[in-house]
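Letter by letter, the chains look like this.
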Amino acid sequence: MPGTLYALALTGGLALGPGEGREVLFGRNRPDVHICVGEDDARVSRHQGTFTHRGGQWWVCNDGRLPIRCAGSRLLFRGEEPLPLATGYTPLFAGGSRGREHLLEAFVTGPDDERPVPRHGDVTRPPRVWQLSEQEKPVLVVLGRRYLLHEPRPQPLTWKQTAALLADSRPGAGWTDKRVEHTVNAVRLRLSRDGVAGLTREEVGEPVGNALNDHLIRALMASTSLVPMDLTLIDAA
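Analysis parameters
Sequence positions are assigned chain by chain, starting from 1 and proceeding in written order. Totals for whole chains, interfaces and linings use every residue, but because this is a predicted model, local features are given only for residues with pLDDT of at least 70 and side-chain atom pairs only at 80 or more, for both listing and counting. Derived side-chain values reflect all non-hydrogen atoms in the structure, with water molecules and hydrogen atoms excluded from consideration. Going along the chain from the N terminus, every DSSP run of H or I of four or more residues is numbered as a helix, and every run of E of two or more is numbered as a strand. Values of the radius of gyration come from C-alpha atoms, whereas the globule rule sets the reference at 2.2 Å times the count of residues to the power 0.38. Burial classes follow relative accessibility: with a 1.4 Å probe on protein chains only, a residue under 20% of its type's maximum area counts as buried, one over 50% as exposed, and anything between as partly exposed. Contacts are assigned to residue pairs with any non-hydrogen atoms lying within 4.5 Å of each other. The accessible surface values rely on the Shrake-Rupley method and a 1.4 Å probe; as for residues, cover is taken only from the protein chains in view. Charge convention: Lys and Arg are scored as positive, Asp and Glu as negative, and His as well as the terminal groups of each chain are ignored. Charge coordinates come from a single atom per side chain, which is NZ of Lys, CZ of Arg, CG of Asp or CD of Glu. Any Lys or Arg side-chain nitrogen found within 4 Å of a carboxyl oxygen on Asp or Glu counts as a salt bridge. Two strands are said to pair when DSSP picks up at least two bridges between them. We define a polar contact as two N or O atoms separated by no more than 3.5 Å, with the added condition that, inside protein, one atom must be a possible hydrogen donor and the other a possible acceptor, whereas residues neighbouring each other in sequence contribute only through side-chain atom pairs.

(A) Layout of the overall build of the chain. When helices and strands are counted, the chain shows seven helices and eleven strands. In terms of C-alpha radius of gyration, the chain reaches 23 Å, well past the compact-globule figure of 18 Å for 237 residues. Across its three principal axes, the chain shows a C-alpha extent of roughly 70 × 40 × 40 Å. Within the chain, the proportion of its 237 residues that are buried is 41%. Looking at the chain alone, contacts between residues at least 24 apart form 50% of all its contacts between residues at least 6 apart. Per element, the accessible surface of the chain, about 13700 Å² overall, is 52% carbon and sulfur. Separation of charge centres in the chain, based on 29 positive and 28 negative side chains, amounts to 4 Å.

(B) A look at the pattern of salt bridges. Tallying each qualifying case throughout the model produces eleven salt bridges. Between Glu-80 and Arg-74 there is a salt bridge, and its shortest N-O distance comes to 3.5 Å. With a shortest N-O distance of 3.5 Å, Lys-178 and Glu-181 are connected by a salt bridge. Note that Lys-178 and Glu-181 are positioned in helix α4 (residues 177-193) at a spacing of three residues, about one turn of the helix.

(C) Geometry of the sheet that holds strand β9 (residues 83-84). Read from one edge of the open sheet, five strands run β4-β3-β5-β6-β9, paired in mixed fashion. Each of the sheet's edge strands pairs with one partner strand only, and the pair in question is β4 (35-36) and β9. In terms of strand pairing, strand β3 (residues 23-27) meets strand β5 (residues 49-54) through four bridges, oriented antiparallel. Its bridge partner lying in β5, Leu-25 is registered against Thr-50.

(D) Examining the side chain of Thr-50 more closely. Relative to the helices and strands, Thr-50 is located in strand β5. Owing to a relative accessible area of 5%, Thr-50 belongs among the buried residues under this scheme. At a separation of 2.8 Å, a polar atom in the side chain of Thr-50 contacts the side chain of His-47. Not counting chain neighbours up to four residues away, the residues in contact with Thr-50 comprise Glu-23, Val-24, Leu-25, Phe-26, Trp-59, Val-60, Cys-61 and Asp-63.

(E) Examining the sheet that holds strand β1 (residues 5-9) more closely. Taken together, six strands build an open sheet; the order of strands is β2-β1-β11-β10-β7-β8 and the sheet is antiparallel. In this open sheet, the two strands that pair with only one neighbour each are β2 (12-16) and β8 (75-76). In the sheet, strand β7 (residues 68-69) pairs with β8 via two bridges, with the strands oriented antiparallel. Paired with Ile-68 across the bridge in β8 is Leu-76.

This is the structure:
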């Protein structure tokens, strides 16, 4: 049935069709909620949140002490207006102790009743890999060096730092701050035209800071266009 909510946590889940006023409670206190989340973690509230069907769609609200992290790092706090659940898949994370995050998966069927089905034997679909030229790739590797090294809270190198490292590893190639900037911006705009979000000033807003290059590096890594093994391009040069 269109509008059916499927919700699943580590300890189980349920499916519930649409109906004005219907509710699904989730939290740590198994006897009093429909879906138990983080039952062994006292940082999760006994009643952490609620799915409610009203106005023809499902909404999620936070009834707990800590915020619920939604898609796109959006935090939903207690007392805020509920968030609507879009058709399809929505992950929700309840923060816990010692850095734990407890996943609650929600799926709302659309007009075609497209409930997820097991695909055990399907061929794995590869990610869309962005093609980088022989000139572009070393620049992006150096710019995102801290990310590729898995440093905590990494930031992109500056144009000057990137040019200096490229000059050390590729002497005579003529790398300057401006050449690095033009090369990176060309890649960023190409990906933006191809639909990657968060790569323009208009999307990010002022002050931009390092956001554009941060988003670019993360998009390249998420698609496996850049991987840690690419550091050998610089180390071996």
